[in-house]
Amino acid sequence: MGDRLPAERELSIQCNVSRPAVREAMIALEVQGMIEVRTGSAGYVRSLPSETDAPGFTVTGFELMEARLLLAKARTANIQPVVEEHRAMLNALRARDPAAARTAMRGHMASVIDHLLFAAEEEAVEAGRRNVATTRERSARAVKL
């Protein structure tokens, strides 16, 4: 435990796979809690799989990256977490029910997307209001001249 993993490039050469394949595998291991990836450093082993661990992680690296991007956007849009949605995901994971976990996660992601769209709409409306105010100010100045 705590051992530093080789760089992605080195792992891809050792395993004779592409770097994206290594990256996706590392993301899956990180989500399962087996490694910790430190930005700007490397990956470190947190735990080793045991005989009771069920193989067959069914979330793709693309889905994980999409979730990460949505999370980053949600943070910048000041969207607050919905505890009930998180609890549903956690309960499904604890029950080791991948279908229920995926359903809960997709429902949560749909909710986050809705909140992001609403935040984008509010931002667009505010930008429109500022533009109208600027145009009114210019028109008022032009009339006074």
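Just above, that's the structure.
A. How the structure looks around the overall build of the chain. If you tally the helices and strands in the chain, you get five helices and two strands. N-terminal to C-terminal, the α/β element order of the chain is α-α-β-β-α-α-α. Across the 145 residues of the chain, 18% fall into the buried class. Residue pairs in contact within the chain that sit at least 24 positions apart in sequence constitute 53% of those at least 6 positions apart. About 11,100 Å² of surface is accessible on the chain, with carbon and sulfur atoms providing 57% of the total.

B. Structural detail: helix α4 (residues 83–94). A rise of 1.5 Å per residue sets the reference length of α4, with its twelve residues, at 16 Å; its end C-alpha atoms lie 16 Å apart and thus fit the reference within 8%. A positive phi of about 55° marks Arg96, the residue just after α4.

The rules we used
- Residues numbered from 1 in each chain as written.
- Predicted model: local features only at pLDDT ≥ 70, side-chain atom pairs only at ≥ 80, totals over all residues.
- Heavy atoms only, no water.
- Helix = DSSP H or I, 4+ residues; strand = E, 2+ residues; numbered from the N terminus.
- Buried < 20%, exposed > 50% of the residue type's maximum accessible area, 1.4 Å probe, protein only.
- Contact = heavy atoms within 4.5 Å.
- Areas by Shrake-Rupley, 256 points an atom, 1.4 Å probe, with all protein chains shown as cover.
- Expected span 1.5 Å × (residues − 1).

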